[in-house]
Amino acid sequence: MRHKFALVFVCLPLWIPVCLGQGKGTVHGNVFREPTMGLTYEFPEKFSPKLEAEIPIHDSTGREHMILALWDTPQRSGAPKMAFLYDTKQRSSDRTHDTIALAYIGETKRMWLGVKDVKIDGPTKFSEPSYEYWRLDLSAPSQVPRYNSVIVITLSDRRVLGIQANAPSQGELDDEVDSLARMRFDKSQKK
């Protein structure tokens, strides 16, 4: 009896990832794939990636996963140019995709309201062939990096993919966000 009990604790950690359905992203060249979401993103070749296993995240709930971070240097140090956060909390079916995304964006916006010299633009809704997203831009002359975007995509299963992009200029920031047009999902995330 005691051995069976010990076997459960030894095997349980091996079963948890399967039970939770957490896929592990992979990178081949400059193509990132995340099987849980059916996500494929061909990121700009100038970026150096880190995957979830290489990125420390402090989420006591275990629901948020930093699945990809991209730097513009091979050393991959300092703040990433782009970071992809997968929030596995499934939202209520009585909420629309837009209200889910806007609530997520609203949390970020509230953090920056009242911060001296911060300019907030948005949120604004955009559409790609397999998904829609909301974008909030933040800029501050005294902050480094000076220009930031928060992108929120509500997935078809009512979970959220949040993307943060930052750059020293608005043009570079727009290029980073525009690169998301090369991101696609196996099935449409639109509702």
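Residue numbering note: each chain is counted from 1, following its sequence as written. Local features in this predicted model are restricted to residues of pLDDT 70 or higher, and side-chain atom pairs are both shown and tallied only at a pLDDT of 80 or more, whereas totals for entire chains, interfaces and linings draw on every residue. Side-chain metrics in this entry use all non-hydrogen atoms of the structure; hydrogen atoms and water are not considered.

Asker: Looking at this structure, I do not really get the nonpolar core. What am I missing?
Answerer: Side chains of a nonpolar character, in soluble globular proteins, are inclined to be buried together. Joining through side-chain atoms within 4.5 Å is the link that ties buried Ala, Val, Leu, Ile, Met, Phe, Trp, Tyr and Cys residues into a set, and such a set is a nonpolar core. Burial here depends on accessible area, computed with a 1.4 Å probe over protein chains only, as a share of the maximum for the residue type. Under 20% is buried, over 50% is exposed, and the range in between is partly exposed. Counting 28 residues, the largest nonpolar core has Phe84, Leu161, Leu180 and Met183 as the members making the most contacts within it. Strands are runs of DSSP state E lasting at least two residues, helices are runs of H or I lasting at least four, and both sets are numbered from the N terminus onward. Those elements that provide at least two residues to this core are strand 3 (39-42), strand 5 (64-71), strand 6 (82-87), strand 8 (131-139), strand 9 (147-154), strand 10 (160-167), helix 3 (170-178) and strand 11 (183-185). When residues in this core are grouped by element, the largest group, four residues, is from strand 10. Between two residues, a contact is recorded if the distance between any of their heavy atoms is within 4.5 Å. Not counting chain neighbours up to four residues away, the residues in contact with Leu180 comprise Tyr41, Met82, Phe84, Tyr131, Ile151 and Ile163. Grouped together as the second largest cluster of nonpolar side chains are 18 residues, Trp71, Val118, Leu138 and Ala140 included.

Asker: Just checking my understanding: could you explain the environment of Ile151 for this structure?
Answerer: Checked against the element boundaries, Ile151 lands in strand 9. On the accessibility criterion, Ile151 (1% relative accessible area) is buried. A sequence separation of 15 residues divides Ile151 from Leu136, and the C-alpha atoms of the two residues are 6.6 Å apart. Ignoring any residue separated from it by four or fewer positions in sequence, one finds Ile151 in contact with Tyr133, Trp134, Arg135, Leu161, Gly162, Ile163, Val177 and Leu180.

Asker: Just checking my understanding: could you explain the environment of Arg76 for this structure?
Answerer: Residue placement: Arg76 occurs in the loop between strand 5 and strand 6. Owing to a relative accessible area of 24%, Arg76 belongs among the partly exposed residues under this scheme. Distance from Arg76 to Lys50, taken between C-alpha atoms, is 7.8 Å for residues 26 residues apart in sequence. Every residue in contact with Arg76, bar those within four places of it in the chain, is listed here: Ser48, Pro49, Lys50, Glu54 and Trp71.

Asker: It is not clear to me how the sheet that holds strand 2 (residues 31-34) should be interpreted in this structure. Could you clarify?
Answerer: The strands that make up a sheet are held in pairs by hydrogen bonds between backbone atoms, and each pair lies either parallel or antiparallel. The pairing criterion for strands is at least two bridges between them, as found by DSSP. Strand order across the open sheet formed by four strands is 1-2-3-11, with antiparallel pairing between neighbours. Edge strands, defined here as strands with exactly one partner in the open sheet, are strand 1 (26-28) and strand 11. Ignoring which end each strand starts from, the neighbouring axes of this sheet average 15° apart. Summarising the sheet, strand 3 and strand 11 pair through three bridges and their orientation is antiparallel. If you follow Thr40 over to strand 11, its bridge partner there is Arg184. The axes used here are C-alpha line fits, helices contributing only the stretch in contact, and every angle between their N-to-C directions lies in the interval 0 to 180 degrees.

Asker: Help me understand helix 3 in this model?
Answerer: Working note: α-helix, 3.6 residues per turn, so residues spaced by three or four point in the same direction. Restricting attention to buried positions, one finds in helix 3 the residues Leu173, Glu176 and Val177. Burial along helix 3 is one-sided: seen end-on, the buried residues are contained in an arc of 95°. For helix 3, the exposed residues set more than 90 degrees away from the buried face come down to Asp175 and Asp178. Taken together, the buried residues of helix 3 touch strand 6, strand 8, strand 9 and strand 10. This arc is built from the directions going out from the helix axis to the C-beta atoms.

Asker: Could you clarify how one ought to interpret the packing of aromatic side chains in this entry?
Answerer: In this description, a pair of aromatic rings is defined by centroid distance and the angle of the planes. Think of it this way: a Phe, Tyr or Trp ring, Trp meaning its six-membered ring, pairs with another when their centres are within 6.5 Å, and the plane angle makes it stacked under 30 degrees, edge-to-face over 60, tilted otherwise. In this structure the tally under the stated criterion is five aromatic pairs. Between Tyr41 and Phe43, the aromatic rings sit 6.2 Å apart at their centres with planes inclined by 50°, giving tilted as the arrangement. Judged by relative accessible area, which is 1%, Phe43 ranks as buried. Here the aromatic rings of Phe126 and Tyr133 are separated by 5.2 Å at their centres, their planes lie at 20°, and the arrangement is stacked. Judged by relative accessible area, which is 32%, Phe126 ranks as partly exposed. Given the relative accessible area of 5%, Tyr133 is considered buried. Here the aromatic residues Phe126, Tyr131, Tyr133 and Phe185 are joined through ring pairs into a cluster of three or more.

Keep in mind these numbers describe shape, not what the thing actually does.
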